[in-house]
Amino acid sequence: MTDGSGLQAGLKNRHLSMIAIGGVIGAGLFVGSSSGIATAGPGILLSYALVGTLVVLVMRMLGEMSAANPTSGSFSAHADRALGRWAGFSIGWLYWFFWVVVLAVEATAGAKILEGWIPAVPQWGWALIVMVVLTATNLVSVGSYGEFEFWFAGIKVVAIGAFIVVGALAVFGVLPGAHTDKAGVGNLTDHGGFLPNGPGAILTGVLLVVFSFMGSEIATLAAGESEDPQRAVTKSTNSIIWRIGVFYLGSILVVVCLLPWNDPSIKEQGSYVAALDSLGIAHAGQIMNFIVLTSVLSCLNSGLYTASRMAFSLGGRGDAPAAFARTTSRGVPMAAIIASVVFGFVAVFFNYAFPDTVFLFLVNSSGAVALFVWLVICASQLRLRRIIERESPEKLVVRMWLFPYLTWATIALIVFVLGYMLTDTEGESSGRTTVLLSLAVALAVVAVSVVKERVRGGQAVTAADADPDKVSVS
């Protein structure tokens, strides 16, 4: 590995725009929405709206901090400055842990689809192929990552856009040749009402959909490698409302209008496949599988990029091996990428060898990290806003609305969601299990950071005693 000059501005504005748009469309939207609809009925729209509002507020705070100080460490670097080294260290490593587990989950999901098309290659073989190919693209240059993500995200955006248009035409009975006998706005209230399982189902729905929003923050990490970081962050922050409104609320609204919420095909086939099938569209299942595969590859591509850039940032701040902060002549943090993908491969192995023990623990113990990240973003913004206003107010090109009241309201909502998760006790991946295991891992990481800081402080004192001339006092 050669030492380069650090990360390079290899991402074009079109890359950043598509990364920002595609970042909010995870495979979870296609795969996980069916269980949400089955749980809350048409009221799942309120669950998506509630979580979408939460994400908009958190991304606004992150946008404020990142526009003032674009960095590959994003919220981890901001937490470092606002709350202390322990916070930046802890949330950075938790976020990295979250994404390397996601690599295994998505690689397995993609492998299942590919094995269905070409069964001659075993599922583990497809998972290996997919991981190797995307690792190679990330190792070439940040531009190659951006180009792959541009097309992956582009396919997702076009697919959802087409689904919304076709579905809306069918709902209003103007789609030529479509079977629209089940479609209609009446599906929102005709089958037990808008909230057939009661208002409490909205909160249960929140637990099912909240994790499909993870990835919205990727644009702020990628901005540090763009041509104009401040402009990129500002643009992605300002567009988050319509992105969530169109892609999440718009597409789910179409699904629950095309089919009754309790139609068994939603649970059996998946919400989007069932909706297309109901219109008599040929090969709907395979079309949707291709779109889901694209989303999986996009998530894998971005997950590897995100994990490696967080590792790079941690290395640069002395919170990870120094090798993670070194780049090749192309500006690629090779050691950080390889370390991330190695752990991803290990997690894939656990998924096949110990799916109900080790891998289940990994999934559950990383499950609530998204909410922890959002909490840290809120706490960091409370502190950093005052610092930026005092030191360089001209950098506040993005401002959090109604500060500090909306920030505190967002914190309260996140804490409430975590608390509500503790009441969910059904199944091996219950909300309570997820929160408690994630909290245990988080506390372990915080403990490591505290010990590390004490050791570092002790070494600094020892160095000062040995050679006081080397220590400057400010």
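These numbers come from a predicted model, not from an experiment. (Residues numbered from 1 in each chain as written. Predicted model: local features only at pLDDT ≥ 70, side-chain atom pairs only at ≥ 80, totals over all residues. Heavy atoms only, no water.)

On to the pattern of salt bridges. The tally for this structure, following the rule as stated, stands at 9 salt bridges. A salt bridge links E389 to R385, with the nearest nitrogen and oxygen atoms 3.1 Å apart. Here E389 pairs with R385, and both are found in helix α17 (residues 369–391), just 4 residues apart, close to one helical turn. Three or more residues are tied together by salt bridges with common partners; here these are D80, R85, R317, D319 and K452. (Salt bridge = Lys/Arg side-chain N within 4 Å of Asp/Glu carboxyl O. Helix = DSSP H or I, 4+ residues; strand = E, 2+ residues; numbered from the N terminus.)

A few words on the layout of surface pockets. There is about 290 Å³ of room inside the second largest pocket. Taken together, 14 residues form the lining of the second largest pocket, with W86, I91, F372, V376 and V446 sitting closest to its centre. For the lining of the second largest pocket, the secondary structure elements donating two or more residues are α5 (85–117), α17 and α19 (431–466). Top contributing element to the lining of the second largest pocket by residue count: α5, with 5 residues. Counted by class, the lining of the second largest pocket contains 13 nonpolar, 1 polar and no charged residues. (1 Å grid on protein atoms, 1.4 Å probe; cavity = no way out; pocket = protein on both sides within 12 Å on 5 of 7 lines; lining within 4 Å. Points joined across faces, edges and corners; volume = space filled by probe spheres on them. Nonpolar A, V, L, I, M, F, W, Y, C, P; charged D, E, K, R; others polar.)

Turning our eyes to something else, we now look at the packing of aromatic side chains. Evaluation of the coordinates by the stated rule reveals 17 aromatic pairs. Relative to F350, the ring of F349 has its centre 5.8 Å away and its plane inclined at 50°; by these criteria the two rings are tilted. The exposure class assigned to F349 is partly exposed, which follows from its relative accessible area of 49%. On the basis of relative accessible area, F350 is assigned to the partly exposed category, the value being 22%. These aromatic residues form a ring-pair network of at least three members: F75, Y95, F98 and W99. In this structure, R385 packs its charged tip against the face of F403, placed 4.7 Å from the ring centre. (Phe/Tyr/Trp six-rings, centres within 6.5 Å; stacked < 30°, edge-to-face > 60°. Buried < 20%, exposed > 50% of the residue type's maximum accessible area, 1.4 Å probe, protein only. Lys NZ or Arg CZ within 6 Å of the ring centre and 35° of its normal.)

With that out of the way, let us pick up the side chain of N364. If you trace the backbone, N364 turns up in helix α16 (residues 358–366). On the accessibility criterion, N364 (4% relative accessible area) is buried.

Here we take up the environment of L293. Position of L293 relative to the elements: it lies in helix α14 (residues 284–316). Along the backbone, L293 and A109 are 184 residues apart, and their C-alpha atoms lie at a distance of 8.0 Å. Each residue touching L293, except ones within four places of it in the same chain, is listed here: G110, I113, L114 and W117. (Contact = heavy atoms within 4.5 Å.)

Moving on: the confidence of the model for the chain. The pLDDT averaged across the chain works out to 86; a share of 95% of its residues lies at or above 70. Counted against residues more than four places away or in other chains, residues 1–5, with its pLDDT under 50, gives 13 contacts. This model gives residues 466–474 a pLDDT under 50, and the stretch forms 1 contact once residues within four places in sequence are excluded. (pLDDT = per-residue confidence, 0-100.)

Together, V165, L169, F172, V174 and V185 make up an exposed nonpolar region whose accessible area comes to about 470 Å². Its place among the elements puts L169 in helix α7 (residues 142–171). (Patch = residues over 30% accessible without salt bridge, like charges linked within 9 Å, V, L, I, M, F, W, Y side chains within 5 Å. Areas by Shrake-Rupley, 256 points an atom, 1.4 Å probe, with all protein chains shown as cover.)

With that out of the way, let us pick up empty space enclosed by the protein. By the definition in use, this model includes 3 cavities of 30 Å³ or more. What lines the largest cavity is simply A20, M59, S216, A219, T220, S236, T237, I240 and R243. Going through the elements one at a time, α9 (218–222), α10 (229–238) and α11 (240–258) are the ones with two or more residues in the lining of the largest cavity. Of the residues that constitute the lining of the largest cavity, the class distribution is 4 nonpolar, 4 polar and 1 charged.

Relative to the 48 Å expected for 33 residues at 1.5 Å per residue, α14 spans 48 Å between its end C-alpha atoms, a close match to the ideal helical length. Counting buried residues along α14, 27 of its 33 residues qualify, which places the element largely inside the surrounding structure. Just past α14, the residue G318 takes up positive phi, approximately 80°. (Expected span 1.5 Å × (residues − 1).)

The terminal C-alpha atoms of helix α15 (residues 334–353) lie 28 Å apart, and with 20 residues this matches the ideal 28 Å at 1.5 Å per residue to within 8%. Residues of α15 that are buried include every one of A335, A336, I337, A339, S340, V341, G344, A347, V348 and N351, and no others. In the core, the buried residues of α15 are packed alongside α5, α6 (123–140), α14 and α16.

Along the chain, H78 turns up in helix α4 (residues 74–83). Of the residues examined, H78 reaches a relative accessible area of 2% and is grouped as buried. Of the polar contacts made by the side chain of H78, one reaches the side chain of S66; its length is 3.1 Å. Setting aside anything within four residues of it in sequence, one finds H78 in contact with L62, M65, S66, N69, T71, S380 and L384. (Polar contact = N/O pair within 3.5 Å; in protein donor to acceptor, adjacent residues only side chain to side chain.)

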